[in-house]
Amino acid sequence: MANLRKLEGMSTYALPTALAEIVDDFQALTEPDRLQLLLEFSRALPELPERLRDHPELLEQVVECQSPLFLTIEAEKDDDGSPAAFRLFFKAPPEAPTTRGFAGVLHEGLDGLTAQEILAVPDDMPELLGLTRAITPLRMRGMTAMLGRIKRKVAATARLQS
Amino acid sequence: MSYPVEQNEKFTAYAHPERLVSTEWLAAAIEGGALGNGKLVVVESDEDVLLYETGHIPGAVKVDWHTDLNDEVTRDYVDGNAFAALAAAKGISRDTTVVIYGDKSNWWAAYALWVFTLFGHEDVRLLDGGRDKWIAEGRELTTDVPVPAAGDYPVVERDDAPIRAFKDDVLAHFGKPLIDVRSPEEYTGQRTHMPAYPEEGALRGGHIPTAASIPWARAAAEDGTYRTRPELEALYLGEAGLNEGDDVVAYCRIGERSSHTWFALKFLLGFETVRNYDGSWTEWGNAVRVPIVKGTERGSVPAAALSTGKHL
(Lines give C-alpha, C1' and ligand atoms only; values in the text may rest on other atoms or scores of the structure.)
Protein backbone atom coordinates (compact mmCIF):
# COMPACT_ATOMS: atom_id res chain seq x y z
CA MET A 1 0.00 0.00 0.00
CA ALA A 2 2.82 2.35 0.90
CA ASN A 3 4.39 1.63 -2.47
CA LEU A 4 1.15 2.31 -4.27
CA ARG A 5 0.77 5.65 -2.56
CA LYS A 6 4.31 6.55 -3.46
CA LEU A 7 3.70 5.55 -7.06
CA GLU A 8 0.57 7.62 -7.28
CA GLY A 9 2.30 10.54 -5.68
CA MET A 10 5.13 10.33 -8.15
CA SER A 11 2.87 9.83 -11.08
CA THR A 12 0.94 13.07 -11.00
CA TYR A 13 3.40 15.55 -9.58
CA ALA A 14 4.59 16.77 -12.96
CA LEU A 15 1.17 16.91 -14.55
CA PRO A 16 -0.66 20.13 -15.32
CA THR A 17 -3.75 20.56 -13.11
CA ALA A 18 -6.38 19.63 -15.69
CA LEU A 19 -4.51 16.53 -16.77
CA ALA A 20 -3.86 15.49 -13.15
CA GLU A 21 -7.60 15.74 -12.48
CA ILE A 22 -8.36 13.53 -15.47
CA VAL A 23 -5.84 10.96 -14.29
CA ASP A 24 -7.37 11.02 -10.80
CA ASP A 25 -10.85 10.54 -12.28
CA PHE A 26 -9.72 7.49 -14.24
CA GLN A 27 -7.82 6.01 -11.32
CA ALA A 28 -10.85 6.33 -9.03
CA LEU A 29 -12.93 4.09 -11.29
CA THR A 30 -13.20 0.36 -11.89
CA GLU A 31 -11.96 -0.91 -15.24
CA PRO A 32 -15.34 -1.06 -17.04
CA ASP A 33 -16.16 2.43 -15.81
CA ARG A 34 -12.82 3.70 -17.09
CA LEU A 35 -13.79 2.52 -20.57
CA GLN A 36 -17.10 4.32 -20.18
CA LEU A 37 -15.27 7.50 -19.18
CA LEU A 38 -13.01 7.20 -22.22
CA LEU A 39 -16.15 6.91 -24.35
CA GLU A 40 -17.40 10.15 -22.82
CA PHE A 41 -14.12 11.86 -23.72
CA SER A 42 -14.53 10.60 -27.28
CA ARG A 43 -17.94 12.28 -27.46
CA ALA A 44 -16.60 15.50 -25.96
CA LEU A 45 -13.77 15.96 -28.48
CA PRO A 46 -14.47 19.33 -30.15
CA GLU A 47 -15.00 19.60 -33.89
CA LEU A 48 -12.25 21.27 -35.91
CA PRO A 49 -12.72 24.99 -36.47
CA GLU A 50 -13.78 25.81 -40.01
CA ARG A 51 -10.41 27.15 -41.12
CA LEU A 52 -8.87 23.72 -40.46
CA ARG A 53 -11.84 21.65 -41.56
CA ASP A 54 -11.32 22.78 -45.14
CA HIS A 55 -7.54 22.36 -45.01
CA PRO A 56 -6.66 18.78 -44.15
CA GLU A 57 -3.09 19.44 -45.35
CA LEU A 58 -2.53 21.57 -42.25
CA LEU A 59 -2.98 18.51 -40.03
CA GLU A 60 -0.48 15.71 -39.51
CA GLN A 61 -1.45 12.05 -39.31
CA VAL A 62 -0.24 10.06 -36.32
CA VAL A 63 0.41 6.78 -38.07
CA GLU A 64 0.94 4.77 -34.90
CA CYS A 65 -2.77 5.05 -34.15
CA GLN A 66 -4.79 2.09 -35.39
CA SER A 67 -7.39 4.47 -36.78
CA PRO A 68 -6.81 7.66 -38.74
CA LEU A 69 -5.95 10.46 -36.33
CA PHE A 70 -4.83 13.88 -37.45
CA LEU A 71 -3.64 16.70 -35.24
CA THR A 72 -2.05 20.09 -35.28
CA ILE A 73 -1.10 22.80 -32.81
CA GLU A 74 -1.23 26.58 -32.94
CA ALA A 75 0.70 29.01 -30.78
CA GLU A 76 -1.17 31.97 -29.36
CA LYS A 77 1.08 34.96 -28.86
CA ASP A 78 1.49 37.38 -25.98
CA ASP A 79 1.42 41.12 -26.58
CA ASP A 80 5.19 41.09 -27.04
CA GLY A 81 4.90 38.38 -29.68
CA SER A 82 6.27 35.50 -27.63
CA PRO A 83 4.25 32.30 -27.66
CA ALA A 84 1.98 32.08 -24.63
CA ALA A 85 -0.46 29.24 -25.00
CA PHE A 86 -0.72 26.34 -27.37
CA ARG A 87 -4.06 25.30 -28.85
CA LEU A 88 -4.51 21.69 -29.88
CA PHE A 89 -6.70 20.42 -32.71
CA PHE A 90 -7.60 16.80 -33.42
CA LYS A 91 -9.54 15.00 -36.08
CA ALA A 92 -10.63 11.36 -35.78
CA PRO A 93 -13.69 9.64 -37.23
CA PRO A 94 -16.64 8.72 -35.02
CA GLU A 95 -16.08 5.04 -35.83
CA ALA A 96 -12.79 5.26 -33.91
CA PRO A 97 -14.05 6.02 -30.39
CA THR A 98 -10.93 4.78 -28.60
CA THR A 99 -8.66 7.02 -30.64
CA ARG A 100 -11.11 9.91 -30.23
CA GLY A 101 -11.18 9.25 -26.49
CA PHE A 102 -7.39 9.53 -26.22
CA ALA A 103 -7.53 12.75 -28.25
CA GLY A 104 -10.29 14.03 -25.96
CA VAL A 105 -8.17 13.38 -22.86
CA LEU A 106 -5.17 15.19 -24.35
CA HIS A 107 -7.33 18.07 -25.54
CA GLU A 108 -8.98 18.64 -22.19
CA GLY A 109 -5.70 18.09 -20.34
CA LEU A 110 -3.31 20.14 -22.45
CA ASP A 111 -5.19 22.69 -24.56
CA GLY A 112 -4.24 26.28 -23.70
CA LEU A 113 -1.07 25.41 -21.77
CA THR A 114 2.42 26.84 -22.28
CA ALA A 115 5.25 25.02 -24.01
CA GLN A 116 6.96 24.52 -20.68
CA GLU A 117 3.91 22.89 -19.14
CA ILE A 118 3.27 20.62 -22.11
CA LEU A 119 6.90 19.56 -22.42
CA ALA A 120 6.99 18.66 -18.72
CA VAL A 121 4.32 15.99 -19.16
CA PRO A 122 6.01 12.58 -18.81
CA ASP A 123 6.05 10.59 -22.04
CA ASP A 124 4.46 7.62 -20.30
CA MET A 125 1.55 9.66 -18.96
CA PRO A 126 -1.04 7.53 -20.87
CA GLU A 127 -0.07 4.57 -18.67
CA LEU A 128 -1.43 6.48 -15.67
CA LEU A 129 -5.01 6.23 -16.92
CA GLY A 130 -5.14 2.59 -15.85
CA LEU A 131 -6.49 1.49 -19.21
CA THR A 132 -3.61 -0.63 -20.40
CA ARG A 133 -5.15 -3.98 -19.47
CA ALA A 134 -8.60 -3.18 -20.84
CA ILE A 135 -7.39 -1.34 -23.93
CA THR A 136 -4.23 -3.45 -24.46
CA PRO A 137 -0.67 -2.15 -24.82
CA LEU A 138 -1.00 -2.23 -28.61
CA ARG A 139 -3.80 0.30 -28.55
CA MET A 140 -2.19 2.41 -25.82
CA ARG A 141 0.76 2.92 -28.14
CA GLY A 142 -1.43 5.21 -30.24
CA MET A 143 -2.02 7.57 -27.36
CA THR A 144 1.64 7.63 -26.38
CA ALA A 145 2.46 8.45 -30.01
CA MET A 146 -0.10 11.28 -30.01
CA LEU A 147 1.42 12.82 -26.89
CA GLY A 148 4.91 12.42 -28.35
CA ARG A 149 3.87 14.13 -31.58
CA ILE A 150 2.31 17.05 -29.68
CA LYS A 151 5.43 17.51 -27.58
CA ARG A 152 7.73 17.42 -30.62
CA LYS A 153 5.63 19.96 -32.45
CA VAL A 154 5.44 22.23 -29.41
CA ALA A 155 9.19 21.97 -28.88
CA ALA A 156 9.90 22.82 -32.53
CA THR A 157 7.54 25.80 -32.53
CA ALA A 158 8.84 27.12 -29.23
CA ARG A 159 12.43 26.84 -30.52
CA LEU A 160 11.62 28.74 -33.70
CA GLN A 161 9.95 31.56 -31.87
CA SER A 162 12.29 32.00 -28.93
CA MET B 1 -26.19 -26.67 -38.46
CA SER B 2 -28.93 -25.63 -36.13
CA TYR B 3 -30.28 -22.57 -37.88
CA PRO B 4 -31.58 -22.46 -41.46
CA VAL B 5 -28.98 -21.49 -44.05
CA GLU B 6 -29.56 -18.50 -46.24
CA GLN B 7 -30.14 -19.18 -49.92
CA ASN B 8 -29.29 -16.52 -52.46
CA GLU B 9 -27.65 -16.40 -55.83
CA LYS B 10 -24.40 -14.80 -54.72
CA PHE B 11 -23.81 -17.18 -51.81
CA THR B 12 -24.81 -20.30 -53.75
CA ALA B 13 -21.78 -19.84 -56.00
CA TYR B 14 -19.43 -20.12 -53.01
CA ALA B 15 -18.01 -23.44 -51.85
CA HIS B 16 -19.61 -23.07 -48.40
CA PRO B 17 -22.59 -20.72 -48.69
CA GLU B 18 -23.65 -21.68 -45.17
CA ARG B 19 -20.80 -19.58 -43.81
CA LEU B 20 -22.31 -16.21 -44.78
CA VAL B 21 -25.52 -14.39 -44.00
CA SER B 22 -26.71 -11.12 -45.49
CA THR B 23 -27.91 -8.07 -43.59
CA GLU B 24 -31.44 -8.70 -44.92
CA TRP B 25 -31.36 -12.24 -43.59
CA LEU B 26 -30.13 -11.18 -40.16
CA ALA B 27 -32.61 -8.31 -39.89
CA ALA B 28 -35.47 -10.70 -40.75
CA ALA B 29 -34.19 -13.29 -38.27
CA ILE B 30 -34.01 -10.72 -35.47
CA GLU B 31 -37.43 -9.39 -36.44
CA GLY B 32 -38.76 -12.95 -36.25
CA GLY B 33 -37.53 -13.29 -32.67
CA ALA B 34 -34.56 -15.55 -33.40
CA LEU B 35 -32.41 -14.09 -30.62
CA GLY B 36 -32.80 -14.81 -26.95
CA ASN B 37 -33.36 -18.57 -26.98
CA GLY B 38 -29.70 -19.49 -27.48
CA LYS B 39 -30.13 -20.96 -30.97
CA LEU B 40 -28.74 -17.92 -32.73
CA VAL B 41 -26.28 -15.49 -31.15
CA VAL B 42 -24.97 -12.38 -32.89
CA VAL B 43 -21.44 -11.32 -31.93
CA GLU B 44 -19.79 -7.99 -32.70
CA SER B 45 -16.00 -8.01 -32.89
CA ASP B 46 -14.21 -4.78 -33.80
CA GLU B 47 -10.76 -3.37 -33.98
CA ASP B 48 -11.85 -0.51 -31.76
CA VAL B 49 -12.59 -1.75 -28.25
CA LEU B 50 -15.24 0.97 -27.66
CA LEU B 51 -17.11 0.82 -30.95
CA TYR B 52 -19.73 -1.68 -29.75
CA GLU B 53 -20.60 0.73 -26.93
CA THR B 54 -21.41 3.52 -29.39
CA GLY B 55 -24.21 1.41 -30.86
CA HIS B 56 -24.60 -2.17 -32.12
CA ILE B 57 -27.10 -4.52 -33.73
CA PRO B 58 -29.96 -5.10 -31.27
CA GLY B 59 -29.31 -8.22 -29.22
CA ALA B 60 -25.66 -8.52 -30.28
CA VAL B 61 -23.01 -9.35 -27.68
CA LYS B 62 -19.41 -8.13 -27.81
CA VAL B 63 -16.26 -10.21 -28.09
CA ASP B 64 -13.01 -8.27 -28.08
CA TRP B 65 -10.26 -9.88 -30.13
CA HIS B 66 -7.55 -8.89 -27.75
CA THR B 67 -8.97 -8.96 -24.23
CA ASP B 68 -11.30 -11.94 -24.79
CA LEU B 69 -9.53 -14.13 -27.33
CA ASN B 70 -5.82 -13.54 -26.72
CA ASP B 71 -4.04 -14.96 -23.72
CA GLU B 72 -2.85 -12.16 -21.51
CA VAL B 73 0.58 -13.62 -20.79
CA THR B 74 1.59 -15.95 -23.60
CA ARG B 75 1.40 -14.80 -27.21
CA ASP B 76 -1.33 -17.30 -27.95
CA TYR B 77 -5.08 -17.69 -27.90
CA VAL B 78 -7.09 -18.50 -24.79
CA ASP B 79 -7.34 -22.16 -23.75
CA GLY B 80 -10.39 -24.41 -23.70
CA ASN B 81 -11.42 -23.38 -20.19
CA ALA B 82 -11.32 -19.68 -20.93
CA PHE B 83 -13.10 -20.13 -24.26
CA ALA B 84 -15.86 -22.19 -22.67
CA ALA B 85 -16.32 -19.52 -20.00
CA LEU B 86 -16.38 -16.75 -22.60
CA ALA B 87 -18.88 -18.56 -24.83
CA ALA B 88 -21.18 -19.43 -21.93
CA ALA B 89 -21.11 -15.85 -20.67
CA LYS B 90 -22.18 -14.65 -24.12
CA GLY B 91 -25.11 -17.08 -24.20
CA ILE B 92 -23.38 -19.39 -26.68
CA SER B 93 -23.76 -23.17 -26.43
CA ARG B 94 -21.86 -25.72 -28.49
CA ASP B 95 -24.76 -26.10 -30.96
CA THR B 96 -25.53 -22.37 -31.20
CA THR B 97 -25.43 -20.73 -34.61
CA VAL B 98 -23.07 -17.79 -34.18
CA VAL B 99 -23.14 -14.85 -36.59
CA ILE B 100 -20.14 -12.54 -36.25
CA TYR B 101 -19.85 -9.05 -37.67
CA GLY B 102 -17.52 -6.11 -37.15
CA ASP B 103 -15.90 -2.97 -38.45
CA LYS B 104 -13.53 -2.59 -41.41
CA SER B 105 -15.13 -5.12 -43.77
CA ASN B 106 -15.23 -7.74 -41.00
CA TRP B 107 -11.48 -7.84 -40.64
CA TRP B 108 -11.66 -8.49 -36.87
CA ALA B 109 -14.88 -10.46 -37.17
CA ALA B 110 -13.10 -12.90 -39.49
CA TYR B 111 -10.32 -13.13 -36.92
CA ALA B 112 -12.85 -13.99 -34.19
CA LEU B 113 -14.46 -16.53 -36.51
CA TRP B 114 -11.07 -18.12 -37.09
CA VAL B 115 -10.52 -18.42 -33.33
CA PHE B 116 -14.00 -19.97 -32.89
CA THR B 117 -12.92 -22.44 -35.58
CA LEU B 118 -9.73 -23.30 -33.65
CA PHE B 119 -12.13 -24.62 -31.01
CA GLY B 120 -14.13 -26.48 -33.62
CA HIS B 121 -17.30 -24.46 -33.18
CA GLU B 122 -19.35 -25.96 -35.95
CA ASP B 123 -21.81 -23.31 -37.03
CA VAL B 124 -20.16 -19.91 -37.10
CA ARG B 125 -20.96 -17.46 -39.91
CA LEU B 126 -20.01 -13.96 -41.00
CA LEU B 127 -22.47 -11.16 -41.67
CA ASP B 128 -21.52 -10.22 -45.24
CA GLY B 129 -20.61 -6.51 -45.27
CA GLY B 130 -20.37 -6.32 -41.50
CA ARG B 131 -21.11 -3.34 -39.33
CA ASP B 132 -20.63 -0.70 -42.01
CA LYS B 133 -23.18 -2.22 -44.38
CA TRP B 134 -25.74 -2.62 -41.59
CA ILE B 135 -25.31 1.08 -40.73
CA ALA B 136 -25.22 2.23 -44.36
CA GLU B 137 -28.58 0.57 -44.88
CA GLY B 138 -30.01 2.57 -42.01
CA ARG B 139 -30.80 -0.50 -39.94
CA GLU B 140 -31.49 -0.36 -36.24
CA LEU B 141 -28.72 0.15 -33.69
CA THR B 142 -28.92 0.21 -29.93
CA THR B 143 -26.66 0.92 -26.98
CA ASP B 144 -28.62 -1.56 -24.82
CA VAL B 145 -26.30 -4.34 -23.74
CA PRO B 146 -28.11 -7.69 -23.57
CA VAL B 147 -27.71 -9.92 -20.53
CA PRO B 148 -27.94 -13.38 -22.10
CA ALA B 149 -28.85 -16.50 -20.18
CA ALA B 150 -25.64 -18.50 -19.72
CA GLY B 151 -24.86 -20.93 -22.52
CA ASP B 152 -23.78 -24.50 -21.99
CA TYR B 153 -20.30 -24.80 -23.46
CA PRO B 154 -17.97 -27.78 -22.97
CA VAL B 155 -14.24 -27.37 -22.41
CA VAL B 156 -12.84 -28.18 -25.85
CA GLU B 157 -9.14 -28.47 -26.49
CA ARG B 158 -8.05 -26.11 -29.24
CA ASP B 159 -7.07 -27.88 -32.45
CA ASP B 160 -4.56 -25.56 -34.11
CA ALA B 161 -2.98 -27.78 -36.73
CA PRO B 162 -5.62 -27.70 -39.49
CA ILE B 163 -5.94 -23.93 -39.79
CA ARG B 164 -3.00 -22.38 -37.95
CA ALA B 165 0.63 -22.27 -39.07
CA PHE B 166 3.60 -21.55 -36.83
CA LYS B 167 6.97 -20.23 -37.98
CA ASP B 168 8.46 -23.71 -38.33
CA ASP B 169 5.43 -24.78 -40.36
CA VAL B 170 6.07 -21.89 -42.72
CA LEU B 171 9.75 -22.82 -43.08
CA ALA B 172 8.65 -26.35 -43.93
CA HIS B 173 6.03 -24.99 -46.32
CA PHE B 174 8.51 -23.46 -48.82
CA GLY B 175 7.69 -24.60 -52.30
CA LYS B 176 3.96 -24.33 -51.65
CA PRO B 177 2.00 -21.12 -52.02
CA LEU B 178 2.03 -18.27 -49.52
CA ILE B 179 -0.23 -15.22 -49.65
CA ASP B 180 0.92 -11.95 -48.10
CA VAL B 181 -2.17 -9.83 -47.44
CA ARG B 182 -0.46 -6.66 -46.19
CA SER B 183 -0.25 -3.39 -48.09
CA PRO B 184 2.15 -3.15 -51.06
CA GLU B 185 4.40 -0.87 -48.99
CA GLU B 186 4.70 -3.46 -46.25
CA TYR B 187 5.25 -6.24 -48.82
CA THR B 188 8.13 -4.50 -50.57
CA GLY B 189 9.68 -3.36 -47.31
CA GLN B 190 9.70 0.20 -48.56
CA ARG B 191 7.30 1.53 -46.02
CA THR B 192 9.22 4.54 -44.84
CA HIS B 193 8.93 5.86 -41.38
CA MET B 194 10.37 9.15 -40.38
CA PRO B 195 13.03 9.24 -37.67
CA ALA B 196 11.44 9.14 -34.20
CA TYR B 197 8.19 7.88 -35.66
CA PRO B 198 8.65 4.15 -35.28
CA GLU B 199 5.59 2.44 -36.54
CA GLU B 200 5.43 -1.24 -35.98
CA GLY B 201 7.69 -3.60 -34.15
CA ALA B 202 9.53 -5.34 -36.96
CA LEU B 203 13.26 -4.99 -37.48
CA ARG B 204 13.12 -5.71 -41.19
CA GLY B 205 10.75 -4.81 -43.97
CA GLY B 206 9.89 -7.16 -46.81
CA HIS B 207 8.04 -10.43 -47.26
CA ILE B 208 8.43 -14.18 -46.86
CA PRO B 209 10.18 -15.59 -49.98
CA THR B 210 7.78 -16.71 -52.74
CA ALA B 211 4.72 -15.08 -51.14
CA ALA B 212 2.23 -13.52 -53.56
CA SER B 213 1.01 -10.06 -52.65
CA ILE B 214 -2.78 -9.85 -52.52
CA PRO B 215 -3.77 -7.14 -50.03
CA TRP B 216 -6.69 -8.43 -47.97
CA ALA B 217 -9.10 -5.64 -48.85
CA ARG B 218 -9.08 -6.63 -52.52
CA ALA B 219 -11.32 -9.54 -51.52
CA ALA B 220 -13.92 -7.03 -50.33
CA ALA B 221 -16.24 -4.90 -52.46
CA GLU B 222 -16.94 -1.21 -51.85
CA ASP B 223 -19.75 -2.03 -49.43
CA GLY B 224 -17.54 -4.35 -47.37
CA THR B 225 -19.13 -7.57 -48.66
CA TYR B 226 -16.98 -10.32 -50.09
CA ARG B 227 -16.45 -10.16 -53.82
CA THR B 228 -18.30 -12.69 -55.95
CA ARG B 229 -16.82 -16.09 -56.64
CA PRO B 230 -15.65 -15.22 -60.18
CA GLU B 231 -13.97 -12.08 -58.82
CA LEU B 232 -12.26 -14.03 -56.05
CA GLU B 233 -11.12 -16.65 -58.54
CA ALA B 234 -9.59 -13.96 -60.74
CA LEU B 235 -7.71 -12.68 -57.71
CA TYR B 236 -6.44 -15.89 -56.14
CA LEU B 237 -6.38 -18.41 -58.99
CA GLY B 238 -5.46 -15.81 -61.59
CA GLU B 239 -3.26 -13.19 -60.03
CA ALA B 240 -1.82 -15.15 -57.12
CA GLY B 241 -1.53 -18.29 -59.24
CA LEU B 242 -3.12 -20.74 -56.82
CA ASN B 243 -4.28 -24.08 -58.19
CA GLU B 244 -7.20 -26.13 -57.01
CA GLY B 245 -6.16 -28.36 -54.12
CA ASP B 246 -3.18 -26.22 -53.12
CA ASP B 247 -2.00 -26.16 -49.52
CA VAL B 248 -1.93 -22.42 -48.72
CA VAL B 249 -0.59 -20.27 -45.89
CA ALA B 250 -1.74 -16.66 -45.48
CA TYR B 251 -0.15 -14.05 -43.25
CA CYS B 252 -0.15 -10.34 -42.44
CA ARG B 253 1.20 -8.49 -39.41
CA ILE B 254 -0.42 -10.28 -36.48
CA GLY B 255 -2.84 -12.61 -38.27
CA GLU B 256 -6.00 -10.48 -38.31
CA ARG B 257 -6.13 -9.24 -41.89
CA SER B 258 -5.07 -12.69 -43.09
CA SER B 259 -8.08 -14.21 -41.30
CA HIS B 260 -10.25 -12.32 -43.77
CA THR B 261 -8.31 -13.88 -46.65
CA TRP B 262 -8.26 -17.28 -44.91
CA PHE B 263 -12.08 -17.16 -44.81
CA ALA B 264 -12.27 -16.35 -48.53
CA LEU B 265 -9.90 -19.16 -49.52
CA LYS B 266 -11.34 -21.75 -47.16
CA PHE B 267 -15.07 -21.17 -47.29
CA LEU B 268 -15.74 -19.15 -50.43
CA LEU B 269 -13.29 -20.80 -52.82
CA GLY B 270 -13.22 -24.15 -51.02
CA PHE B 271 -9.49 -24.77 -50.52
CA GLU B 272 -9.31 -27.67 -48.07
CA THR B 273 -5.99 -26.82 -46.50
CA VAL B 274 -5.54 -23.16 -45.71
CA ARG B 275 -3.66 -22.04 -42.66
CA ASN B 276 -3.33 -18.63 -41.10
CA TYR B 277 0.18 -17.81 -39.89
CA ASP B 278 -0.74 -15.58 -36.95
CA GLY B 279 2.86 -14.97 -35.92
CA SER B 280 3.00 -13.15 -39.26
CA TRP B 281 5.36 -10.27 -39.92
CA THR B 282 5.74 -9.24 -36.28
CA GLU B 283 7.38 -12.63 -35.76
CA TRP B 284 8.99 -13.28 -39.15
CA GLY B 285 10.36 -9.75 -39.54
CA ASN B 286 12.05 -10.04 -36.14
CA ALA B 287 13.13 -13.67 -36.18
CA VAL B 288 16.83 -14.52 -36.36
CA ARG B 289 18.11 -16.17 -39.53
CA VAL B 290 14.90 -16.50 -41.46
CA PRO B 291 15.09 -15.41 -45.09
CA ILE B 292 13.14 -12.45 -46.42
CA VAL B 293 12.76 -10.81 -49.80
CA LYS B 294 12.61 -7.06 -50.40
CA GLY B 295 10.94 -5.39 -53.34
CA THR B 296 8.05 -6.32 -55.57
CA GLU B 297 9.41 -9.69 -56.78
CA ARG B 298 8.12 -12.76 -54.97
CA GLY B 299 11.59 -14.27 -54.81
CA SER B 300 12.53 -17.93 -54.90
CA VAL B 301 12.57 -20.80 -52.43
CA PRO B 302 15.65 -20.23 -50.25
CA ALA B 303 18.56 -22.51 -51.19
CA ALA B 304 18.88 -23.84 -47.64
CA ALA B 305 15.25 -24.97 -47.71
CA LEU B 306 15.84 -26.67 -51.07
CA SER B 307 18.94 -28.57 -49.95
CA THR B 308 17.52 -29.88 -46.70
CA GLY B 309 14.06 -30.21 -48.11
CA LYS B 310 12.81 -28.81 -44.89
CA HIS B 311 14.20 -26.71 -42.11
CA LEU B 312 16.87 -24.09 -42.56
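Summary of the structure given here. Values in this document were obtained by computation on a predicted structure and should not be read as measured data. The residue count restarts for each chain, going from 1 along the sequence in the order it is written. Following the order in which they are written, the chains are lettered starting with A and the ligands numbered starting with 1. Totals for whole chains, interfaces and linings use every residue, but because this is a predicted model, local features are given only for residues with pLDDT of at least 70 and side-chain atom pairs only at 80 or more, for both listing and counting. Side-chain measures were taken over the full set of non-hydrogen atoms in the model, leaving aside hydrogen atoms and water.

### A few points about the sheet that holds strand β6 (residues 164-165) of chain B
Residue and element names in this part refer to chain B. Pairs of strands are assigned from DSSP output, requiring at least two bridges between the strands. Elements are defined by DSSP. Helices are runs of H or I of four residues or more, strands are runs of E of two residues or more, and each kind is numbered from the N terminus. The strand order across the open sheet formed by 5 strands is β6-β10-β9-β7-β8, and the pairing between neighbours is parallel. This sheet does not close on itself; its edge strands, each paired only once, are β6 and β8 (212-213). Relative to β8, strand β7 (residues 178-180) runs parallel, the two being bridged by 2 bridges. Residue I179 lies in a different strand from β8, and its bridge partner there is A212. The sheet contacts of helix α9 (residues 257-268) involve β7, β9 (248-251) and β10 (274-277), and relative to β10 the element is tilted by about 180 degrees. Every residue pair with non-hydrogen atoms within 4.5 Å of one another is taken to be in contact. Orientation is described by lines fitted to C-alpha atoms, with helices fitted over the stretch in contact, and by angles between N-to-C directions that extend from 0 to 180 degrees.

### Quick look at the nonpolar core
In this text, buried Ala, Val, Leu, Ile, Met, Phe, Trp, Tyr and Cys residues form a nonpolar core when linked through side-chain atoms within 4.5 Å. Using a 1.4 Å probe on the protein chains alone, a residue whose accessible area is under 20% of its type maximum counts as buried, one over 50% counts as exposed, and one in between counts as partly exposed. By size, the foremost hydrophobic cluster in this structure holds 61 residues, and its most contacted members are I100(B), L126(B), I179(B), Y226(B), Y236(B), F263(B) and L265(B). Among the elements of the structure, β2 (40-44), α3 (80-89), β4 (97-101), α4 (107-118), β5 (124-127), α8 (229-239), β9 and α9 of chain B are those that each provide at least two residues to this core. Broken down by element, this core gets its largest block of residues, 11 residues, from α4(B). Formed by 45 residues, the second largest nonpolar core is a distinct cluster that contains L19(A), L113(A), V121(A) and L131(A).

### As for the interface of chain A and chain B
Facing 23 residues of chain A, the contacting portion of chain B comprises 22 residues. Between chain A and chain B lies a buried interface of about 1800 Å² when both sides are counted; carbon and sulfur atoms form 54% of it. What makes a salt bridge here is a side-chain nitrogen of Lys or Arg within 4 Å of a carboxyl oxygen of Asp or Glu, nothing more. Put simply, chain A and chain B have 1 salt bridge between them. Among the salt bridges present, the one from R133(A) reaches E72(B), with a minimum N-O distance of 3.5 Å. Think of a polar contact as two N or O atoms within 3.5 Å of one another; within protein, one of them needs to be a possible hydrogen donor and the other a possible acceptor, and neighboring residues in sequence only count if both atoms come from side chains. For the pair chain A and chain B, the interface holds 2 residue pairs in polar contact (both at pLDDT 80 or more). Mapped onto the side of chain A that touches chain B, the elements with two or more residues apiece are α3 (31-44), α5 (97-110), α7 (132-135) and α8 (137-161) of chain A. The term buried area means the drop in 1.4 Å probe accessible area that two parts suffer when joined, counted for both and summed.

### A look at the side chain of D247(B)
Residues and elements named next belong to chain B. Mapping D247 onto the fold places it in the loop between α8 and β9. With relative accessibility at 18%, the residue D247 sits in the buried group. A polar contact is formed between the side chain of D247 and the side chain of K176, at a distance of 3.4 Å. D247 has contacts with H173, K176, P177, T273 and R275, leaving out every residue within four places of it along the chain.

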